[in-house]
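Spelled out from the first residue to the last, the chains are:
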Amino acid sequence: MAIRTIVKHPDPILREKSKEVTKFNANLHKLLDDMAETMYENDGVGLAAPQIGILKRAIVMDCGDGLIEVVNPEIVEYKGEQQNNYPEGCLSIPGLRGDVRRHKWVKLRGQDRNGNPFEMEAEDLLARCAQHEIDHLNGVLFIDIADRVYPISKDEEGE
Ligand code: ZN
């Protein structure tokens with residue numbers, strides 16, 4: 001495993017649309033391992049592959065209940081709304097937080113690192129994190145959709 005450099009806004013790679021993963025091989029496993037290590041090293045709760053410069057549809061998340069990897073994630077159902085309960089941040093946009101309206105609950109469909117399909121439900125912070133990371137795969141950043149963006153002290157954690 002290796003800690004990768006996080007791509008920072010306004011690098012144009014963050015605006016690209018990532019490609020579907022079709023090969024579930026050792027390269028993908030290394031990518032996912034590196035993403036998790038990079039996320040933990042930077043005290044993040046989520047990371048998307050384009051944030052380390054790789055335009056593949058893969059995300060990792062850990063909101064306190066262990067590591068979750070989702071390859072080719074998509075939201076297939078959603079309910080409710082959450083707004084100011086968890087200010088949002090991003091490891092690619094250090095120093096800023098935002099109030100972002102997100103679905104309160106989502107059902108995700110994706111694949112594990114070996115290509116096996118699965119579905120999962122997420123609520124509150126994990127649902128927020130999943131929506132934030134999937135946005136990265138489509139070139140969308142939280143500052144694009146926030147109701148309000150404001151500065152924080154630079155050593156707080158991000159997503
Ligand atoms: Zn982010």
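Here, the structure is the one placed above.
In this text, all values refer to a predicted model and were calculated from it rather than measured experimentally.

Participant: Sorry, what's going on with the overall build of the chain here?
Facilitator: Counting secondary structure elements, the chain contains 3 helices and 7 strands. Helices (α) and strands (β) of the chain occur, in sequence order from the N terminus, as α-β-β-β-β-β-β-α-α-β. For 159 residues, the compact-globule formula gives about 15 Å, and the C-alpha radius of gyration of the chain, at 14 Å, lands near that figure. Along the longest, intermediate and shortest principal axes, the C-alpha atoms of the chain span 40 × 35 × 30 Å. Considering the chain as a whole, with its 159 residues, one finds that 47% of them fall into the buried category. Taking as baseline every contact in the chain between residues at least 6 positions apart, the subset at least 24 positions apart corresponds to 70%. Within the structure as shown, the chain displays about 7900 Å² of accessible surface, and the carbon and sulfur contribution to it stands at 47%. Each charge sign in the chain was given a centre, from 20 positive and 29 negative side chains, and these centres are 5 Å apart.

Participant: Teacher, can you tell me more about the pairing of strand 5 (residues 105–111) here?
Facilitator: Successive side chains on a regular strand alternate, one facing one side of the sheet and the next facing the other. Strand 5 sits mainly inside the fold: 6 of its 7 residues count as buried. In terms of strand pairing, strand 5 meets strand 6 (residues 117–123) through 7 bridges, oriented antiparallel. Pairing of Gln111 across the sheet is with Pro117, part of strand 6. Between strand 5 and strand 6, which pair antiparallel and follow one another directly, the connecting turn spans 5 residues, one of which, Gly115, has a positive phi of 90 degrees.

Participant: Would you take a moment to explain the coordination of the zinc ion for this structure?
Facilitator: Octahedral six-donor coordination of a metal ideally yields angles of 90 or 180 degrees, compared with 109.5 degrees for tetrahedral four-donor coordination. The protein atoms donating to the zinc ion are Cys90 (SG), His132 (NE2) and His136 (NE2), with metal-donor distances spanning 2.0 to 2.2 Å. When the donors of the zinc ion are listed by position in the chain, the intervening gaps give C-x41-H-x3-H. Separated by 46 residues along the polypeptide, Cys90 in the loop between strand 3 (68–79) and strand 4 (96–99) and His136 in helix 2 (residues 124–137) bring together distant segments of the chain. His136 shares its class with Cys90; the two are buried.

Participant: I keep staring at the nonpolar core and nothing clicks. Help me out?
Facilitator: The nonpolar side chains of a soluble globular protein tend to be buried with one another. Core analysis: the largest hydrophobic core is formed by 15 residues, its most contacted members being Ile59, Met61, Leu108, Met120 and Ala122. When contributions to this core are tallied by element, the ones reaching two or more residues are strand 2 (58–61), strand 5, strand 6 and helix 2. Per-element tally for this core: the top contributor is helix 2, with 6 residues. When near neighbours in sequence (up to four residues on either side) are disregarded, Leu108 contacts Met61, Glu74, Ile75, Val76, Phe118, Glu119, Met120, Ala130 and Ile134. Ranked by size, the runner-up nonpolar core spans 14 residues in total, among them Val21, Leu31, Val71 and Leu91.

Procedures and definitions
- Residues numbered from 1 in each chain as written.
- Predicted model: local features only at pLDDT ≥ 70, side-chain atom pairs only at ≥ 80, totals over all residues.
- Heavy atoms only, no water.
- Helix = DSSP H or I, 4+ residues; strand = E, 2+ residues; numbered from the N terminus.
- Rg over C-alpha atoms; globule rule 2.2 N^0.38 Å.
- Buried < 20%, exposed > 50% of the residue type's maximum accessible area, 1.4 Å probe, protein only.
- Contact = heavy atoms within 4.5 Å.
- Areas by Shrake-Rupley, 256 points an atom, 1.4 Å probe, with all protein chains shown as cover.
- Lys, Arg positive; Asp, Glu negative; His and termini not counted.
- Charge placed at Lys NZ, Arg CZ, Asp CG, Glu CD.
- Pairing = 2+ DSSP bridges.
- Donors = N, O, S within 2.8 Å, 3.2 Å for Na, K, Ca; no water.
- Core = buried A, V, L, I, M, F, W, Y, C linked by side-chain atoms within 4.5 Å.

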